[in-house]
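Inside the fold
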Amino acid sequence: MQMLKRALPALMLLFLFACDKDVPPTAAPEPGLLNLPETPYEYAGLELPAHLSVNVLMGPGQNAATDNDNTPADNPITNAGATLGRVLFYDQKLSANGTVSCASCHQQEKGFSDDAVLSTGFNGGQTRRHSMSLINATWYGRGRFFWDERAATLEEQVLMPFQDPVEMGLSLAELVGIIEEQAYYPALFDAAFGTTTITPELVAKALAQFVRSMASTQSRYDEGRAQVNSPTTAFPNFTESENNGKRIFFQPVPLGGGSCIGCHSTEAFINPDNGPTNNGLDAASTTDLGVFEAINNPNFLGAFKVPSLKSIALTAPYMHDGRFSTLEEVVAHYNAGIQPHPNLGTALKGPDGEPIRLNLSEEEQADLVNFLKTLTDTELAQDVKFSNPFL
């Protein structure tokens, strides 16, 4: 008992280091200890710009981003819940050998994606597909996740990497056991859900809250859009090249545009209504059948989920297989390289049913790339509330 009393001051100091971000500079936390602010960061009740909640776009598949919110009624974002999700997201202990976390493949500064073509799992193996960005996941109306949409909900998706034999290599029972061994989790679960009992369902809810809070609202596009009444109006904060690229993005093909908004719809630039799409990367699907592997519908053969374009400049390489290294290569594909796959998306076909050819000049292609770069949300890429709490 006396030894315990003597140890209490040191234990209390350790607790403060683990829980309080605002510790004195002379007593900074050691690397690897959990470092959270005394008052949780604000994740709930994000104030959205009007263009994400009010639709002014015309045409099929166009609505407000918020019309497509896939948040279930029993799992709204709370500050405590997303805080717990942040800790789970970055905790490398939650893998078979304690070397990787969710953030290993979804890195904040890279648009919550990975700059490797294929990500590396806990034992050095590689994932089958490129790591998709998590930005604006909350506004995918179908609510399905992964490139092949095999997860019916985000709550289902966030548990799958833990159980993948390449990615993190655990069973759900092992995952819960590791979490139970960490002294910092009971208080976090109690704050988030009013219980210290740890279950896979609560782990899933917390992680889903954190991911859904990764909404992009502060790019140069958002800044310019707030100054005009329509996305097709020239933005005062854009260069001539960026405004021309924006024109190409929104304008229909017959009018000299690229009609990119047809697949990357809403001003969150995600495809909530049309769902998975074949974008003509190949003339036939052989080794990767896309959504057809998860949903036995022949129309989904070779189709893949469409991610948001927000912060696209940070998420290279591109496509489900990471085949394109640069945005210039992506634009070149849509300009002249679309292949006649049997399930090619309707928006990518001309009146004759053949793949469209935009015939953009080199300057116009460069303009389109410059516009895509305005979608970068630097604030989201640097915001401490989305950063590693173990540093």
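Just so it is clear, the structure is predicted and the values come from calculations on it, not from any experiment.

**Observations concerning the overall build of the protein chain**
Across its full length, the protein chain carries 14 helices and zero strands. Starting at the N terminus, the α and β elements of the protein chain follow one another as α-α-α-α-α-α-α-α-α-α-α-α-α-α. Relative to a compact globule of 391 residues, whose C-alpha radius of gyration would be 21 Å, the protein chain shows 22 Å and is just as compact. Along the longest, intermediate and shortest principal axes, the C-alpha atoms of the protein chain span 85 × 45 × 35 Å. Per-residue burial over the protein chain gives 51% buried out of 391 residues. Looking at the protein chain alone, contacts between residues at least 24 apart form 64% of all its contacts between residues at least 6 apart. Carbon and sulfur atoms form 56% of the exposed surface of the protein chain, whose accessible area is close to 17500 Å². In the protein chain, which carries 24 positive and 45 negative side-chain charges, the distance between the mean positions of the two groups comes to 1 Å.

**Some remarks on the confidence of the model for the protein chain**
Residue-level pLDDT values for the protein chain average 92, and 91% of them are 70 or greater. Between residues 1-29, whose pLDDT stays under 50, and residues either more than four places distant or in other chains, the model counts 27 contacts.

**Overview of empty space enclosed by the protein**
For the coordinates displayed, the defined rule picks out one cavity of 30 Å³ or more. Quantified by volume, the largest cavity comes out at close to 670 Å³. If you go around the largest cavity, you meet 38 residues; those closest to its centre are H264, L309, M319, V330 and Y334. Every element with two or more residues in the lining of the largest cavity is listed here: α12 (327-337) and α13 (362-373). When residues in the lining of the largest cavity are grouped by element, the largest group, four residues, is from α12. Partitioned by chemical class, the residues of the lining of the largest cavity number 25 nonpolar, 12 polar and one charged.

**Examining the packing of helix α3 (residues 79-90) against helix α8 (residues 185-193)**
Orientation of α3 relative to α8, taken along the N-to-C sense of each, is 145°, at an axis distance of 7 Å. Here α3 runs over α8; the crossing is left-handed. Contacts between α3 and α8 involve A80, G81, T83, L84, V87 and L88 on the former and, on the latter, Y185, L188, F189, A191, A192 and F193. Classifying every residue of the contact of α3 with α8 by side-chain character gives 10 nonpolar, two polar and no charged.

**Remarks on unusual backbone geometry**
In most cases, non-glycine residues show a negative phi, while peptide bonds are predominantly trans. The peptide bond linking A316 to P317 adopts the cis configuration, its omega dihedral lying at 0°. When you line up the elements, P317 lands in the loop between α11 (240-250) and α12. For M319, which is not glycine, the phi torsion reads 80° and is therefore positive. By secondary structure assignment, the location of M319 is in the loop between α11 and α12.

**Some remarks on the layout of surface pockets**
Taken as a whole, the largest pocket holds about 710 Å³ of empty space. Along its surface, the largest pocket is lined by 41 residues, and H106, F146, Q157, P161 and E167 are the ones closest to its centre. Elements that contribute at least two residues to the lining of the largest pocket include exactly α4 (102-105), α5 (154-157) and α9 (200-212). It is α4 that contributes the most residues to the lining of the largest pocket, three residues altogether. Tallied by class, the residues present in the lining of the largest pocket amount to 21 nonpolar, 13 polar and seven charged.

**Some points on the state of the cysteines**
For the structure shown, the criterion picks out zero disulfides. C260 takes part in no disulfide bond, and the closest cysteine sulfur, belonging to C263, lies 8.7 Å away. By relative accessible area, which is 17% here, C263 ends up buried.

Cut-off values and rules
Residues numbered from 1 in each chain as written. Predicted model: local features only at pLDDT ≥ 70, side-chain atom pairs only at ≥ 80, totals over all residues. Heavy atoms only, no water. Helix = DSSP H or I, 4+ residues; strand = E, 2+ residues; numbered from the N terminus. Rg over C-alpha atoms; globule rule 2.2 N^0.38 Å. Buried < 20%, exposed > 50% of the residue type's maximum accessible area, 1.4 Å probe, protein only. Contact = heavy atoms within 4.5 Å. Areas by Shrake-Rupley, 256 points an atom, 1.4 Å probe, with all protein chains shown as cover. Lys, Arg positive; Asp, Glu negative; His and termini not counted. Charge placed at Lys NZ, Arg CZ, Asp CG, Glu CD. pLDDT = per-residue confidence, 0-100. 1 Å grid on protein atoms, 1.4 Å probe; cavity = no way out; pocket = protein on both sides within 12 Å on 5 of 7 lines; lining within 4 Å. Points joined across faces, edges and corners; volume = space filled by probe spheres on them. Nonpolar A, V, L, I, M, F, W, Y, C, P; charged D, E, K, R; others polar. Axes fitted to C-alpha atoms, helices over the stretch in contact; angles between N-to-C directions. Left-handed = near helix turned anticlockwise from the far one by under 90°. Disulfide = S-S within 2.5 Å.

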